[in-house]
Amino acid sequence: MEWSTEQRRWLVKVLQPERTVSSLPGGGKVSVETCAALLGLEPETYRAELAQSQKGAREAAQGLLAEPEFSRMLEKLPLRKSARIVTFGDSHTADPQSWAVILQELVAAQRPHDEVSVAINAVGGETTTHGLVRMGNALIQQPDWIIFFIGVNDARTQGPNAGKTLVDARETARNLEELRSRAAQGTQARRLWMTPPPVLEERVSKHWGLSRFGVHFRNEDVRRVAEAIRALEEPTVDLFAAFGASPPPELFTEDGLHLSLAGQRKVVLELMRTWSRVQ
């Protein structure tokens, strides 16, 4: 099938085959050719789209570092030398120009001699239930910090007349508490949580890629996930509030769910505002 430029970029941004198979034996060695083939793309196209995304993340980091207030917040982060950070989430984090990739660029540029590492443990489309399955991969790294950004897919409905979300709100709360408990018992890591931001409901329902799978979201359901994360009473970046009830469309891609580079940049900014105040 021949994809348009817009479609190619969406496929590479959202589906991320290498992250989906990373837990399989040999998954870490999956080739660019294989990933491209799974998306129906030529390897050169796939490489070019990834390179463009990485360039965008690097430029976003450079732009943030040019702001004196942001640089001061970055310096205040409670990170020891050689600190290990694990970012844990779904497609908001797996995105090749996600907030986590921007964070990698930031610590590499601002603290090049501190050997701070940022690992990305994220798979697009996953719910908090999937997160429980994958949590062991994060704990085995014995991180100093785990930043959780997961839960929006719990609020997803699928199918033309779907009446329930993929994960019930009460089960989401139980899953989040279990993630917190496992992290507390299995590591010495400190924890930071991010709520999902709202979505642009109409864009989601009309998008060529999401609509073919019957994907829908209601912000009422996303709000319940945000409330469950706040209820953990741990340091939390409230993106649902920060993005606002009617978030600017430019913070999202054309699908109304995934974040544009401007949206990912805002996530980083809100993360720094909260994280830099954690004692």
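Heads up: the structure comes first, above all this text.
Please read these numbers as outputs of a predicted model, since none were measured by experiment.

## As for the pairing of strand β5 (residues 190-194)
Link 1 in the chain: Burial within β5 is extensive, with four of its five residues counted as buried.
Link 2 in the chain: Examined bridge by bridge, strand β3 (residues 145-149) and β5 share four bridges and lie parallel to one another. The residue of β5 that forms the bridge with Ile 146 is Arg 191.
Link 3 in the chain: Bridge analysis of β5 against strand β7 (residues 236-237) gives two bridges, and the strand direction is parallel. If you follow Trp 193 over to β7, its bridge partner there is Thr 236.

## Some points on the pattern of salt bridges
Opposite charge on two side chains allows them to pair when their charged atoms are near.
Link 1 in the chain: According to the stated counting rule, one finds 23 salt bridges in the structure shown.
Link 2 in the chain: The residue Glu 49 makes a salt bridge to Arg 9 at a minimum N-O spacing of 3.4 Å. Of this pair, Glu 49 sits in helix α4 (residues 43-65) while Arg 9 sits in helix α1 (residues 5-14); the two residues are 40 residues apart in sequence, bridging distant segments of the chain.
Link 3 in the chain: The buried category is assigned to Glu 49, whose relative accessible area is 10%.
Link 4 in the chain: Note that Glu 227 and Arg 223 form a salt bridge whose closest N and O atoms lie 2.6 Å from each other. Of this pair, Glu 227 and Arg 223 both sit in helix α12 (residues 219-230), four residues apart, roughly one helical turn.
Link 5 in the chain: Judged by relative accessible area, which is 36%, Glu 227 ranks as partly exposed.
Link 6 in the chain: For Arg 223, a relative accessible area of 30% gives the class partly exposed.
Link 7 in the chain: The network of salt bridges with shared partners includes Arg 218, Glu 220, Asp 221 and Arg 224.

## Thoughts on the environment of Arg 180
Link 1 in the chain: Mapping Arg 180 onto the fold places it in helix α9 (residues 169-186).
Link 2 in the chain: The spacing of Arg 180 and Gln 142 is 38 residues in sequence and 15 Å in space, taken between C-alpha atoms.
Link 3 in the chain: Beyond its immediate chain neighbours, meaning those up to four positions away, Arg 180 contacts Arg 191, Trp 193, Leu 232 and Glu 234.

## Looking at α12
Link 1 in the chain: With 12 residues, α12 extends 16 Å between its outermost C-alpha atoms, agreeing within 8% with the 16 Å of an ideal straight helix rising 1.5 Å per residue.
Link 2 in the chain: Looking only at α12, the buried set comprises Asn 219, Asp 221, Val 222, Val 225, Ala 226, Ala 228 and Ile 229.
Link 3 in the chain: Packed against the buried residues of α12 are α9, β5, α10 (201-206), β6 (215-217), β7 and α13 (239-243).

## Quick notes on the packing of aromatic side chains
Link 1 in the chain: On inspection of all chains with the given rule, the structure shows seven aromatic pairs.
Link 2 in the chain: The interplanar angle of 70 degrees and the centroid separation of 5.7 Å between the aromatic rings of Phe 88 and Phe 148 together place this pair among those described as edge-to-face. Taken together, the residues span a long stretch of sequence, with Phe 88 in strand β1 (residues 84-89) and Phe 148 in strand β3 at a distance of 60 residues.
Link 3 in the chain: Phe 148 gets classed as buried once you look at its relative accessible area, which sits at 0%.
Link 4 in the chain: Three or more aromatic residues link up through ring pairs in this structure, and these residues are Trp 3, Trp 10 and Trp 208.
Link 5 in the chain: Sitting over the face of the ring of Phe 88, Arg 134 holds its NZ or CZ atom 4.5 Å from the ring centroid.
Link 6 in the chain: In this structure, Lys 266 packs its charged tip against the face of Phe 243, placed 5.9 Å from the ring centre.

## A look at the side chain of Thr 93
Link 1 in the chain: On the secondary structure map, Thr 93 appears in helix α6 (residues 91-94).
Link 2 in the chain: Its relative accessible area of 0% is what places Thr 93 among the buried residues.
Link 3 in the chain: Separated by 3.0 Å, the side chains of Thr 93 and Trp 99 make a polar contact.
Link 4 in the chain: Apart from residues no more than four positions distant in its own chain, Thr 93 is found in contact with Thr 87, Ser 98, Trp 99, Ala 100, Ile 120, Ala 122 and Phe 149.

## Brief notes about the sheet that holds β7
Link 1 in the chain: Judged by pairing direction, the sheet is parallel, and its five strands sit side by side in the order β2-β1-β3-β5-β7 without closing on themselves. In this open sheet, the two strands that pair with only one neighbour each are β2 (117-122) and β7.
Link 2 in the chain: Pairing of β1 with β2 involves six bridges; the strand directions are parallel. Of the residues in β2, the one forming a bridge with Val 86 is Ala 119.
Link 3 in the chain: Contacting β1, β2, β3 and β5, helix α7 (residues 99-110) runs over the sheet at an angle of about 170 degrees to β2.
Link 4 in the chain: Sheet contacts for α9: β1, β3 and β5; angle to β5, the most-contacted strand, approximately 155 degrees.

What counts as what
- Residues numbered from 1 in each chain as written.
- Predicted model: local features only at pLDDT ≥ 70, side-chain atom pairs only at ≥ 80, totals over all residues.
- Heavy atoms only, no water.
- Buried < 20%, exposed > 50% of the residue type's maximum accessible area, 1.4 Å probe, protein only.
- Helix = DSSP H or I, 4+ residues; strand = E, 2+ residues; numbered from the N terminus.
- Pairing = 2+ DSSP bridges.
- Salt bridge = Lys/Arg side-chain N within 4 Å of Asp/Glu carboxyl O.
- Contact = heavy atoms within 4.5 Å.
- Expected span 1.5 Å × (residues − 1).
- Phe/Tyr/Trp six-rings, centres within 6.5 Å; stacked < 30°, edge-to-face > 60°.
- Lys NZ or Arg CZ within 6 Å of the ring centre and 35° of its normal.
- Polar contact = N/O pair within 3.5 Å; in protein donor to acceptor, adjacent residues only side chain to side chain.
- Axes fitted to C-alpha atoms, helices over the stretch in contact; angles between N-to-C directions.

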